[in-house]
Amino acid sequence: MKTLIASALIATAAFAGSAHAMTSPSVDRDAQYIVPGADFSALSAAEVASINNIVHGDGSNGEKRSQIKAFLQ
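Residues numbered from 1 in each chain as written. Predicted model: local features only at pLDDT ≥ 70, side-chain atom pairs only at ≥ 80, totals over all residues. Heavy atoms only, no water.

1. Focus on the overall build of the chain
Looking only at helices and strands, the chain features 4 helices and 0 strands. Reading the chain from its N terminus to its C terminus gives the helix and strand order α-α-α-α. Across the 73 residues that make up the chain, the buried fraction comes to 16%. Looking at the chain alone, contacts between residues at least 24 apart form 50% of all its contacts between residues at least 6 apart. Total accessible area on the chain is roughly 5500 Å²; 58% of this is exposed by carbon and sulfur atoms. (Helix = DSSP H or I, 4+ residues; strand = E, 2+ residues; numbered from the N terminus. Buried < 20%, exposed > 50% of the residue type's maximum accessible area, 1.4 Å probe, protein only. Contact = heavy atoms within 4.5 Å. Areas by Shrake-Rupley, 256 points an atom, 1.4 Å probe, with all protein chains shown as cover.)

Here it is as structure tokens:
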């Protein structure tokens, strides 16, 4: 019985991991808070990662806003 439960848990974890890998990355909600009204819809995965790095990096929200706006232009 324990083996069956362990096998089911492993299969579930593997499926969840592969399903997560197939979804496209999304811009962190904090970016939408920092730059309200910005259009993040046409970004590539690499651009989304760059914006998320800006959001979670050092600096004030004003500095982050300037960096994200410059990135989006």
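Additional details are given in the paragraphs that follow.
2. A short note on the nonpolar core
Grouped together as the largest cluster of nonpolar side chains are 10 residues: Val27, Ala31, Ile34, Val35, Phe40, Val48, Ile51, Ile54, Val55 and Ile68. Mapped onto this core, the elements with two or more residues apiece are α2 (29-34) and α3 (45-56). Looking at this core element by element, the count peaks at 4 residues for α3. (Core = buried A, V, L, I, M, F, W, Y, C linked by side-chain atoms within 4.5 Å.)

3. What about α3?
In this model, α3 (12 residues) spans 17 Å end to end at C-alpha, consistent with the 16 Å of a helix rising 1.5 Å per residue. Turning to α3, its buried residues are Val48, Ile51, Asn52, Ile54 and Val55. Seen end-on, α3 carries its buried residues on one side only, within an arc spanning 155°. When the buried face of α3 is taken as reference, the exposed residues oriented beyond 90 degrees from it are Ala46, Asn53 and His56. Elements in contact with the buried residues of α3: α2 and α4 (61-72). (Expected span 1.5 Å × (residues − 1). Arc of directions from axis to C-beta.)

4. Quick notes on the environment of Ile51
Position of Ile51 relative to the elements: it lies in helix α3. Note on Ile51: relative accessible area 0%, which makes it buried. Spatially, the C-alpha atom of Ile51 lies 9.5 Å from that of Phe40, the residues being 11 residues apart in sequence. Not counting residues within four places of it along the chain, the set of residues in contact with Ile51 comprises Val27, Ala31, Phe40, Leu43, Ile68, Phe71 and Leu72.

Scope: geometric values only; no functional claims are made or implied.
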